[in-house]
Amino acid sequence: MNQNQTPLKVGVAGVGVMGRNHARVLGDIRDFDLTHIFDADEVTAQGVAELYGATPVTTVQAFVEAGLEAAVVSTPNRTHADLGVALLERGVHVLVEKPIAATVADAQRLIDAAKANDRVLMVGQVERFNPAVDAVKRAIADEKVISIQITRVGPFPPRMGEVGVVIDLAVHDIDIIRHLTDSEIVEIQPQLARTKADREDTALLQFRLENGVIAHITTNWVTPYKTRTLQVATQNKFVVADLMTRQVTEYFGQQPDGSYSTRGVMSWPSEPLKKELEAFAHAIRTGETPAVTGEDGLRNLEVALRCLGEA
């Protein structure tokens, strides 16, 4: 932020786990001044607002009319479009949590409202900003990618939301696959299972991309421990990343005896959410295309819904 620029007045809508994280990180970014917290639950809204010296509001109307310049929407998925469109039409820049909306039509409404009002619409795909994903992208930059394998598993969440693992977890990985390949997913082979919930809690998803890369996502809520790994095979390398420890290893130079050389790839320690919100501020300040566009959000959602047989 330039010294002569005043911070952007920002609000957070919906302060569950993710919304609270946004509020915490926004308090640390000089480009933003966190002024309003919206949650339909009055006690929650007041509690979080007090922590950051913000004003609590409990209705959509009060939030939309709060005179904000920017807003983070982390309310339930089905409310993203109505709230986001109302904010965009008031001239507010919007970062909407993933998935962008509940339906492709709603996602398109958000994209259209951002264009019509010349506002930034960015989608909160936080793994894009994980330093380990960044390191993998650099490591494979000049390589012909053959396949991508992502595992994102863990125990059953304490509170079951309105969605299963495909929308809650796999949307992260669909975005990572598109980001690493700069290509679109054209073929989908989903296998889904339900064990403890009304919706799928186990998914094995296979994809083929336009550029020929094949990809596989394993995701579930039935593994007793949390794992987040990314593996990319290219013509000359095999790159492995742990998205939690941010450790990235490159295997290369296979010898006649089958052995490989290995090296660690630097991934800089930084909080992905902070990088994401700084990228949002950057897009607002410069007018540049945001790092994760509404169209990205729509494509990710479309693939996820096709996996569920709902698109």
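We now turn to the structure provided with this report. Values in this document were obtained by computation on a predicted structure and should not be read as measured data. (Residues numbered from 1 in each chain as written. Predicted model: local features only at pLDDT ≥ 70, side-chain atom pairs only at ≥ 80, totals over all residues. Heavy atoms only, no water.)

Notes on the sheet that holds strand S10 (residues 214-220)
Phase 1 of the analysis: Taken in spatial order, the eight strands of this open sheet run S8-S9-S10-S7-S11-S12-S13-S14, and their pairing is mixed. The open sheet is flanked by strand S8 (185-193) and strand S14 (261-265), the only strands paired with a single partner. The sheet shows a mean angle of 15 degrees between the axes of neighbouring strands, taken without regard to direction.
Phase 2 of the analysis: Pairing of strand S7 (residues 145-153) with strand S11 (residues 227-234), which is carried by eight bridges, proceeds in the antiparallel orientation. Across the sheet, glutamine 149 pairs through a bridge with glutamine 231, a residue of S11.
Phase 3 of the analysis: Across the sheet, helix H6 (residues 131-139) lies against S11, strand S12 (237-242), strand S13 (248-252) and S14, angled at about 175 degrees from S12, the strand it touches most. (Pairing = 2+ DSSP bridges. Helix = DSSP H or I, 4+ residues; strand = E, 2+ residues; numbered from the N terminus. Axes fitted to C-alpha atoms, helices over the stretch in contact; angles between N-to-C directions. Contact = heavy atoms within 4.5 Å.)

A few points about the sheet that holds strand S1 (residues 8-13)
Strands belonging to one sheet form pairs held by backbone hydrogen bonds; the direction of such a pair is parallel or antiparallel.
Phase 1 of the analysis: Spatial strand order, S3-S2-S1-S4-S5-S6: six strands in an open sheet with parallel pairing. Whereas interior strands pair on both sides, the edge strands pair on one side only; in this sheet they are strand S3 (55-57) and strand S6 (121-124). The sheet shows a mean angle of 25 degrees between the axes of neighbouring strands, taken without regard to direction.
Phase 2 of the analysis: Alignment of S1 against strand S4 (residues 70-73), held across four bridges, turns out to be parallel. Bridge pairing in S4 places valine 10 opposite alanine 70.
Phase 3 of the analysis: Packing of helix H1 (residues 17-26) onto the sheet brings it into contact with S1, strand S2 (32-38), S4 and strand S5 (93-97), and relative to S1 it is tilted by some 160 degrees.

Considerations on the layout of surface pockets
Phase 1 of the analysis: Of the pockets and cavities examined, the second largest pocket occupies roughly 320 Å³.
Phase 2 of the analysis: Around the second largest pocket sit 17 residues that line it, and Ala114, Arg119, Val120, Leu121 and Pro290 are the ones nearest its centre.
Phase 3 of the analysis: Counting only elements with at least two residues in the lining of the second largest pocket, the list comes to helix H5 (104-116), helix H8 (272-286) and helix H9 (294-307).
Phase 4 of the analysis: Each residue belonging to the lining of the second largest pocket can be placed in one class, and the counts come to seven nonpolar, five polar and five charged. (1 Å grid on protein atoms, 1.4 Å probe; cavity = no way out; pocket = protein on both sides within 12 Å on 5 of 7 lines; lining within 4 Å. Points joined across faces, edges and corners; volume = space filled by probe spheres on them. Nonpolar A, V, L, I, M, F, W, Y, C, P; charged D, E, K, R; others polar.)

Section: the pairing of S2
Phase 1 of the analysis: Of all seven residues in S2, six are buried, a share of seventy percent or more.
Phase 2 of the analysis: Bridge count for S1 against S2 is six bridges, and the pairing is parallel. Among the inter-strand pairings, valine 12 is bridged to a residue of S2, identified as isoleucine 37.
Phase 3 of the analysis: In the classification by handedness, the crossover that spans S1, the intervening H1 and the parallel S2 is right-handed.
Phase 4 of the analysis: Pairing analysis gives three bridges linking S2 to S3, with the strands arranged parallel. Among the inter-strand pairings, phenylalanine 38 is bridged to a residue of S3, identified as valine 57.
Phase 5 of the analysis: Between the parallel pair S2 and S3, the chain is carried across by helix H2 (residues 42-52), and the sense of this crossover is right-handed. (Buried < 20%, exposed > 50% of the residue type's maximum accessible area, 1.4 Å probe, protein only. Right-handed = clockwise from strand over helix to strand, strands pointing away.)

Topic: the packing of aromatic side chains
Phase 1 of the analysis: Counting across every chain of the model gives four aromatic pairs.
Phase 2 of the analysis: An angle of 25 degrees between the planes, with centres 6.0 Å apart, marks the rings of phenylalanine 32 and phenylalanine 280 as stacked. Of this pair, phenylalanine 32 sits in strand S2 while phenylalanine 280 sits in helix H8, and the two are 248 residues apart along the sequence. Phenylalanine 280 carries the same exposure label as phenylalanine 32, and that label is buried.
Phase 3 of the analysis: Over the ring of phenylalanine 252 we find arginine 263; its NZ or CZ atom is 4.0 Å from the centre of that ring. (Phe/Tyr/Trp six-rings, centres within 6.5 Å; stacked < 30°, edge-to-face > 60°. Lys NZ or Arg CZ within 6 Å of the ring centre and 35° of its normal.)

Read these as spatial facts, not as claims about activity.
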